[in-house]
Amino acid sequence: MQDIIFFSDSKCANIYPLNIGRCESTLHFGGRSVAQQWRDILTGIDSSFEINSRLMPTSAAGRILRSMKPGDSWGNGGNVYAIIKGEKIKHIDPEIIQPSDLLFSESAADYFEMCGAGISEDFEKLKLAWSVRTLSEEEREAWALQGVIVHGELDKIHLAPGAIIRSCNLNTEEGDVFLGPNSEVMEGANIRGPFVLGENSQLRMGAKVYGPTSIGKHCKVGGELSNVVIHDYSNKAHGGFLGNSVIGSWCNLGAETSASNLKNTYGEIEIYSGEMKKNIKSGRTFCGLLMGDHSKTAIHTAFDTATVVGAFCNIFGSGTPPKHIPSFSWGGSDGLAEYRLEQAISTASKVLSRRGLELTPEKESEIVKLFSTTERERKENLNLTKK
C-alpha cells in the first residue's frame, strides 16, 4: 500500500505567506498542487514515502524516487529530499545528469517563477488526469467561424470534458493552453500560453492573460494577468492588473485591485522574509503581490511592488497599504487593526457556504490556532488595536 507524507524543513519559513496554515505540498507547481503531481508520478509503487514539501515533482526527481528502495534516504549537505521507510536507513547518492533538473522552492516568489516549468513538467500527467481532447489543425476554420482565433498551433490547445470556449483569441506560440473540466473562457478574452484554467473556473469577458499563468479550480478571474498563480477558490473577477504574483486559496480581490510588479527605478526589489522578519534583497527585478489564504481587498486597492499579505486579512483604504501586512489584519493605508477572530471565522464560514462547503469544527479550530500562532508577529510588526 502506498503512503506519502510530506514534511517541512527549516527553509520552509521562506515560503511565507503562502504556507500560513497549510503544507507547502498543497501549493501549485504550474496548474496543480505539488502533492497531486507526486501522487501521479508514484502511482503503482507500494512504499511509504516521506518527501520534502519543497521538492518539485519534476521528471528528474520522479525517476530518482521511483528507483528508490525501502530504507533509502536521498539528500545533500544536510538537506533531506526523500526517504522510503525501511528497517535500516541508508543514504543514496543518485546520479543527476543536470542539477538544474531538480527544482526546490526557496521563497514564495519561486512559485510564479516556476509556473512555466510546472506546466511543462505536468503536461502528460495533466492530459491524463483531465482526459483532455487536443485540438487539431483541421478544426481551425470551424473554431474561427465561432469567433475563436488561434495564433499558433492548434494541437497546443487541450480541452477537458465540459470546457467551453466563447469567441476569444488564443496564442500558443510560446506555450500550451489547458482548459479544465467544466471551465469557461468568456467572450473577448485574450490568452497567451502557457496557461492552465482549473476545473469549474471562469475567465471573464475581456480578460487579458500573459503566460506562464495558472488558475486553480472554482475561480473567477478577470482583468489583466501576467505570470500569476492563483490557487483554488479565489476570485479576481473584475479589472485590475496582477503581474509576477501568487494568490492563495479563498481570496477575493475587489474591482480594480492592482499591484505594481516593477520599481520605477528598475532596481532590485526587497521582499519581506518570514524567516528574517524584515525586508531583504531578493535579487529580483519583478515581483507583485504575495497573498496568503482567506485574504480580501476592497475596490481600487493599489499594492506597492512586492507586497506580502498574510492570511485572513481584510484590506481597504484610499492609499497604498504597507508592504507587509501580518495575518488577521484589518485596514490599510490609514492604519491596521487586529481582525477579530469571531468575525474572521464568520466570514470564512459564509465564503465556504457559497461554494457548497461547510466550515467544520476541525477547520474552525485550525483558524483559532492560526490566530494564536500569528499573534506575536502582529505585535512585533505593528501596534495593532482590535477591530
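You'll find the structure just up there.
Conventions used here
- Each chain has its residues counted from 1, running along the sequence as written.
- At least 70 in pLDDT is required for a residue's local features to be given in this predicted model, at least 80 for side-chain atom pairs to be given and counted, and no such filter applies to totals for whole chains, interfaces and linings, which use all residues.
- Computation of side-chain values: all heavy atoms of the structure, hydrogens and water removed.
- Each helix corresponds to a stretch of at least 4 residues labelled H or I by DSSP, and each strand to a stretch of at least 2 residues labelled E; elements are numbered beginning at the N terminus.
- Radius of gyration: C-alpha atoms only; globule rule: 2.2 Å multiplied by the number of residues to the exponent 0.38.
- Think of it in three bands: residues with accessible area under 20% of the maximum for their type are buried, residues over 50% are exposed, and the middle band is partly exposed, with areas taken using a 1.4 Å probe on protein chains only.
- Contacts are assigned to residue pairs that have any heavy atoms within 4.5 Å of one another.
- Residue exposure ignores everything except the shown protein chains as possible cover, and the areas themselves are Shrake-Rupley values with a 1.4 Å probe.
- Positive charge is attributed to Lys and Arg, negative charge to Asp and Glu, and no charge count is given to His or to the chain ends.
- A single reference atom marks each charge: NZ on Lys, CZ on Arg, CG on Asp, CD on Glu.
- Here, a strand pair is defined by DSSP locating no fewer than two bridges between the strands.
- To obtain an axis, a line is fitted to C-alpha atoms, over the contacting stretch when the element is a helix, and the angle between two such axes runs from 0 to 180 degrees between their N-to-C directions.
- We count a salt bridge whenever a side-chain nitrogen from Lys or Arg sits within 4 Å of a carboxyl oxygen from Asp or Glu.
- Two rings belonging to Phe, Tyr or Trp (six-membered ring only in the last case) form a pair when the distance between their centres is within 6.5 Å. Interplanar angles under 30 degrees mark stacking, angles over 60 mark edge-to-face geometry, and anything in between is tilted.
- Only protein atoms enter the 1 Å grid used here. Points where a 1.4 Å probe fits but cannot escape make up a cavity, open sets with protein on both sides within 12 Å along at least five of seven lines make up a pocket, and a residue lines them when an atom lies within 4 Å of a point.
- Grid points are joined across faces, edges and corners, and a volume is the space filled by probe spheres set on the points.
- Ten residue types, Ala, Val, Leu, Ile, Met, Phe, Trp, Tyr, Cys and Pro, are classed as nonpolar, four, Asp, Glu, Lys and Arg, as charged, and the remainder, Gly among them, as polar.

S.K.: It is not clear to me how the overall build of the chain should be interpreted in this structure. Could you clarify?
M.R.: In terms of helices and strands, the chain carries nine helices and 36 strands. Expected size for 387 residues packed as a compact globule is a radius of gyration near 21 Å; at 21 Å, the chain falls within 12% of this value. Principal-axis analysis of the C-alpha atoms gives the chain an extent of 65 × 55 × 45 Å. Residues counted as buried form 53% of the 387 residues belonging to the chain. Sequence separation of at least 24 residues holds for 40% of the intrachain contacts in the chain that already meet a minimum separation of 6. As displayed, the chain has an accessible area near 17,200 Å², and 49% of this comes from carbon and sulfur atoms. With 41 positive and 47 negative side-chain charges, the chain shows a spacing of 5 Å between the two charge centroids.

S.K.: Help me out: how do you make sense of the sheet that holds strand β6 (residues 79–84) in this one?
M.R.: Adjacent strands of a sheet form backbone hydrogen bonds with each other and so pair up, either parallel or antiparallel. Strand order in the open sheet made by the five strands is β1-β4-β6-β5-β7, with mixed pairing throughout. Strands at the two margins of the open sheet, each flanked by one partner only, are β1 (3–7) and β7 (90–92). Shown here is a sheet whose adjacent strand axes are inclined to one another by a mean of 25°, direction ignored. Relative to β6, strand β4 (residues 48–52) runs antiparallel, the two sharing three bridges.

S.K.: Where do I start with the pattern of salt bridges in this structure?
M.R.: If the charged atoms of two oppositely charged side chains come close together, the side chains can form a pair. Taken as a whole, this structure holds 17 salt bridges when the rule is applied. Put simply, R284 and E113 hold a salt bridge, and the shortest N to O gap is 2.8 Å. With R284 in the loop between β27 (278–281) and β28 (289–291) and E113 in helix α3 (residues 110–113), this residue pair connects regions lying 171 residues apart in the sequence. By relative accessible area, R284 is classed as buried at 13%. E113 sits in the partly exposed class, given a relative accessible area of 43%. Across the salt bridge formed by E184 and R166, the nearest N and O atoms sit 3.1 Å from each other.

S.K.: In this structure, what is going on with the packing of aromatic side chains? I would like to understand it.
M.R.: Aromatic rings considered in pairs are described by the distance between their centres and by the relative angle of their planes. Taken as a whole and judged by the stated rule, the model has nine aromatic pairs. Plain terms: the ring middles of F312 and F328 are 4.9 Å apart, the flat faces sit at 5° to each other, and that makes the pair stacked. Of this pair, F312 sits in the loop between β31 (307–309) and β32 (314–315) while F328 sits in the loop between β33 (324–325) and β34 (329–332), and the two are 16 residues apart along the sequence. For the pair F312 and F328, one class covers both residues: buried. When the ring of F328 is compared with that of F371, the centres are 5.0 Å apart and the planes differ by 85°; the resulting orientation is edge-to-face. Placement of the pair is F328 in the loop between β33 and β34 and F371 in helix α8 (residues 361–373), with a sequence separation of 43 residues.

S.K.: Mind showing me how you'd approach the layout of surface pockets here?
M.R.: The computed volume of the largest pocket comes to approximately 960 Å³. R22, S249, W250, D293 and K363 are the residues nearest the centre of the largest pocket, which is lined by 35 residues in total. Considered class by class, the residues forming the lining of the largest pocket number 13 nonpolar, 12 polar and 10 charged. A volume near 350 Å³ is recorded for the second largest pocket. Lining the second largest pocket we find 20 residues, and of these K220, N235, N252, R354 and R355 sit closest to its centre.

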